[in-house]
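Report on the structure
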Amino acid sequence: MKSIPRRQTRQRVSSGSATIDRLIRTALALVLALLSGPALAHLTPNSEIRLAFAPGAVTADVVVPQGEFAYATGLATDNRPDSLAKASARVLADMAVAAPDGRPWKITVNRIAFETIAGPPDLHLTLTLTAPPGASDRKLLWRWHVVTREAPNHFALLVIDGDLAGGLKGERELVGALTATRPELLIDRGHAGLGSLFANAFRLGAHHIAQGYDHLLFLLALLLPAPLLVGGGRWTTPRTSRDTLKRLAWIVTAFTIGHSTTLILAAFLGLRLPTQPVEAGIAFSVLVSSIHAARPLFPGREPLVAGLFGLVHGLAFATLVSNFGLGATTRATAILGFNLGIETVQLGIVVFAVPLLLALARWKHGASVRLALAALTGLAALFWLAQRLGLS
Amino acid sequence: MTTTKLRGARWPWLLLAAVLLVSAGAIAYDKWKSRQGPPDPLPSEIQPWFGPRSQIELEQAAIVGVDGARARLALAPGEWLRQEMLARALVKRFRATGSYADLAEADALLDKGMASSAAPAGPSLSRAETSLLAHRLDAADKGLARFFAQVGEPDAEESAGAWSVRGDIAFQRGDMKATRLAYARAEEFDNNTAVALRQSMLALRSGDAELARRRVNAILRAPRLNRSVKAQVALQRATIAYGVGDWQAAGVWARFADKFFPGYPLAQAYVAQTQALEGDVDGAVRRYEAILARAPLPEVMDALAFTLRLAGRGPESRAWAERAAPLWAERYRILPEAAAAHLVEHELALGDPARALPIARADAARRPHGASLILLARAQLLTGDANGALATLERAEKSGWRSAGLYLALADAHTALGDDGAADDAREEALEINPKATDPAARFIWFGHD
């Protein structure tokens, strides 16, 4: 510990300071204390560019703080067509994407708007970038002077937000910060073939379904009463094992056909629905299947219900497959890998669950356990429903 | 054993558990209560002592003081005591008007006084204090060394002042431990308001805003402090409130300072930024412009330019920044060390970080405390040296500096280096200190921000 030496006692000989008025000294001491407010760094909002690599094209999601854009360019920041056209032209003039040999990439503005994403409003653009013929679609030089040209204390973060073929699944990977003094960054994602695309898509599908508790709960709740017969509006005695397996196979197949259909439509025809109603629909499907597990609502028509709700579940997967590349082959490869990943995990869970379901149907406390599981699933579904409808 | 017997055997244990529970609750409540400290004084309870009642009166008094001291010096130009008195009057006027020319003249006078007096006599403490104001720490050290070399016994107040200056020097050198010890020694000699204010500032920059608040409240309640000083202490209270995201309290104390001591530009600027925080950006701009019409201070010009920038009003922002730039350049010419950090602040927010970098580097070398290091790190980050910025900020953190601003800067450096996990951790630290640290409106806080 650093110590402060203690004062030595002395006899006064002369001290000019001591003759100064006591009040003046107090005032000056306070002045010194009060003057110590330090100069500090003031933060300006930064821009962010998120790139998603897909075979054949790169998409860029660009966010520039509206205030900073107006400050730098003096352009109008409203959503009138001419304002947006000027903003778009300005951004395109202040940026460039090139192949390592200098040939420019084609930049297409898919969407531009001044809008609020989080906090104060931003200029938000979605761009599609296409490599020149013969050039790699995984290596590019990003040049950026938007706002930084006029405001050197502004910076833009360049982030890789998706690269399924390269193995990036959801997590961000920062390339660097673009500043006035460092306006260029080279991005090289290496080589990625159809094989790695398929494998990564498979892993993404498996990962997604393994973490998609609502999808799995829907299916398991639907399978829960499958080994049972209906009598008097209730689930009664067990079916034969052969019948049970046949029913389970129908339900699982129908669910697979349902979600694969919307998934493929989303990937190839761009079918989209807003996230909130889709997510709420999934929660509702879990609620319905939990009630059905307790009391038969649609006995014998489980495959139909699984297929119909499967269509809704497929829409939730669709957001993940929206950027699976431009070419039909790459897209088909990715969809196939993704779907097989989903089905593999799903099948594994069903295989694991079947003996338990058969045993449960024959156990003397089976009905109570089924009711308890149905109740828990119903509660989870209600919680999700309230959350996704914005009620909690 | 029967049920009744069982119940009988259990009740002493239940009673003991209840007693323990109540005791633990009482202790926890006491600890919590002691952390809360007494509430803020009501602005209506704060009473001034005699002294200037407004900024105009303060400036007039400062002018009269300088004129008087100058006349007395003219009678005996070689006397170091008269030189010291004029220097002190000039510092007071510098404080009132922000004139760097006054500070430079005071500095030169004290140089002369020190040279013309026989060591260890002379205006040593004034020398140290004024050098500190000019951010010349080595010169301040020399002044202090001469003060402590005096054979005579200084009075308690002088000793407290000297130890306070020693603490200030240690603080600016980034040695928080030595600062704490020096202020404690100062307090031993004389527990006055100046020491308490320093302790408050140290507590705030060490991350203990509650202690900072309590110390400042004690000063606000203290008798025998004039309106000007209490207004400045109220702004310190507002600064503490900004540090913890209590914008409502900050607004209360900024408005109090403005009313208590009318015409004070810094208090008016605090009120303007409060208006911006409350969403009235146009009102804030008008208020800043009104302040500048009376007092063309570059720090207020910068605040206005930055507010206009955040509002996307580029041409107006640039116009004010361009008006401030030559004023900062002039201050930098007169007293480079004193103006360096402010010039860096100006360049980083409104000018060119590349211009700020060498000045920030030199300032951080002279005064390696948290504030200077954060400025340097920002300059490094904006000029593409994220690794350098991270190292600089880690140095600030190691020194014991704790503020939301430090952790936000760390988050930015980590982000630029691609370490999102560390960036999130740093952001969480910042939010723990100041829950409003990442609120976009917080950018409107120019004065007293962390």
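Residues numbered from 1 in each chain as written. Chains lettered and ligands numbered in written order. Predicted model: local features only at pLDDT ≥ 70, side-chain atom pairs only at ≥ 80, totals over all residues.

Secondary structure summary: chain B contains 22 helices and 0 strands in total. Taken over C-alpha atoms, the radius of gyration comes to 25 Å for chain B, in line with the 22 Å a tight globule of 450 residues would show. Here chain B holds 450 residues, and the buried ones make up 55% of them. Residue pairs at least 24 apart in sequence account for 54% of intrachain contacts in chain B once pairs closer than 6 positions are excluded. (Helix = DSSP H or I, 4+ residues; strand = E, 2+ residues; numbered from the N terminus. Rg over C-alpha atoms; globule rule 2.2 N^0.38 Å. Buried ≥ 20, exposed ≤ 12 C-beta atoms within 10 Å, placed from the backbone. Contact = placed C-beta atoms within 7 Å.)

Moving on, we come to helix α12 (residues 247-260) of chain B. Under the 1.5 Å per step criterion, the end-to-end length of α12(B) is 20 Å for 14 residues, consistent within 8% with the ideal 20 Å. Where α12(B) is buried, its residues contact α11 (227-243) and α13 (265-277) of chain B. (Expected span 1.5 Å × (residues − 1).)

Before going further, it helps to examine the confidence of the model for chain A. Residues and elements named next belong to chain A. Mean pLDDT over chain A works out to 82, with 86% of the residues at or above the 70 mark. Confidence drops under a pLDDT of 50 for residues 1-21, and excluding neighbours within four residues, the segment shows 43 contacts in the predicted structure. Across residues 32-36 the pLDDT falls below 50, and counting only partners more than four positions away or on other chains, this stretch makes 12 contacts in the model. (pLDDT = per-residue confidence, 0-100.)

Of all hydrophobic cores here, the largest spans 240 residues; its most connected members are B:Ala257, B:Ile374, B:Leu375 and B:Leu393. Beyond its immediate stretch of four places on either side in the chain, B:Ala257 contacts B:Ala231, B:Ala234, B:Leu235, B:Tyr264, B:Ala267 and B:Tyr270. (Core = buried A, V, L, I, M, F, W, Y, C linked by C-beta atoms within 7 Å.)

Once that is clear, we can look at the sheet that holds strand β7 (residues 156-163) of chain A. Remark on secondary structure: sheet strands pair via backbone hydrogen bonds, oriented parallel or antiparallel. Residues and elements named next belong to chain A. Spatially, 6 strands are ordered β4-β5-β2-β1-β7-β8 in an open sheet, and the strand pairing comes out mixed. The open sheet has two edge strands, β4 (106-115) and β8 (173-178), and neither has a second partner. The mean inter-strand angle of the sheet, taken between neighbouring strand axes irrespective of direction, is 20 degrees. In this structure, strand β1 (residues 47-54) lies alongside strand β2 (residues 57-65), joined through 7 bridges in antiparallel fashion. In the sheet register, Glu48 faces β2, and the bridge partner there is Val63. Packed onto the sheet, helix α3 (residues 81-93) meets β4 and β5 (122-130) and runs at close to 130 degrees relative to β4. (Pairing = 2+ DSSP bridges. Axes fitted to C-alpha atoms, helices over the stretch in contact; angles between N-to-C directions.)

What follows covers the environment of B:Ala128. Residue and element names in this part refer to chain B. For Ala128, the location among the structural elements is in helix α5 (residues 124-133). For Ala128, a count of 31 C-beta atoms within 10 Å translates into the label buried. Each C-alpha atom, one on Ala128 and one on Leu144, is 5.7 Å from the other, the two residues being 16 residues apart in sequence.

For the rest of this paragraph, the subject is the environment of B:Asp385. Note on placement: B:Asp385 falls in the loop between α19 (370-382) and α20 (386-398). Along the sequence, B:Asp385 and B:Leu417 sit 32 residues apart, while their C-alpha atoms lie 9.7 Å from each other.

Turning next to the packing of helix α16 (residues 314-334) of chain B against helix α17 (residues 336-350) of chain B. Residues and elements named next belong to chain B. Two elements in contact, α16 and α17, have axes separated by 8 Å at closest approach and are oriented at 160 degrees. Taken together, the axes of α16 and α17 are roughly antiparallel relative to one another. Helix-helix and strand crossings are classified by hand; for α16 and α17 the assignment is left-handed. Facing α16, whose interface residues are Ala321, Ala324, Trp328, Arg331 and Tyr332, α17 presents Pro336, Ala339, Ala340, His342, Leu343, His346 and Leu350. Partitioned by chemical class, the residues of the contact of α16 with α17 number 9 nonpolar, 2 polar and 1 charged. (Parallel < 35°, antiparallel > 145°, perpendicular 65-115°, else oblique. Left-handed = near helix turned anticlockwise from the far one by under 90°. Nonpolar A, V, L, I, M, F, W, Y, C, P; charged D, E, K, R; others polar.)

Attention shifts here to the packing of helix α6 (residues 137-149) of chain B against helix α7 (residues 156-172) of chain B. Residues and elements named next belong to chain B. With their axes 10 Å apart at the nearest point, α6 and α7 run at an angle of 150 degrees to one another. In this view, α6 runs roughly antiparallel relative to α7, as classed from their interaxial angle. The way α6 lies across α7 gives a crossing that is left-handed. Each of Leu137, Ala140, Asp141, Leu144, Phe147 and Phe148 in α6 lies in contact with α7, whose residues at this interface are Ala162, Val165, Arg166, Ile169 and Gln172. Here the contact of α6 with α7 is built from residues that sort into 8 nonpolar, 1 polar and 2 charged.

This paragraph deals with helix α18 (residues 353-366) of chain B. Here α18(B) is 14 residues long and its end C-alpha atoms lie 19 Å apart, about the 20 Å a rise of 1.5 Å per residue gives. Looking at α18(B), one finds that the buried residues are B:Pro353, B:Ala356, B:Leu357, B:Ile359, B:Ala360, B:Asp363 and B:Ala364.

Right, let's get into the sheet that holds strand β9 (residues 184-188) of chain A. All names here are of chain A. Ordered by their spatial adjacency, 3 strands build an open sheet running β3-β6-β9, and the pairing between neighbours is antiparallel. Of all strands in the sheet, those bounded by a partner on one side alone are β3 (95-98) and β9. Pairs of neighbouring strands in the sheet enclose a mean axial angle of 15 degrees, with direction left out of account. Pairing of strand β6 (residues 139-144) with β9, which is carried by 5 bridges, proceeds in the antiparallel orientation. Residue pairing in the sheet places Leu141 in a bridge with Leu186 of β9.

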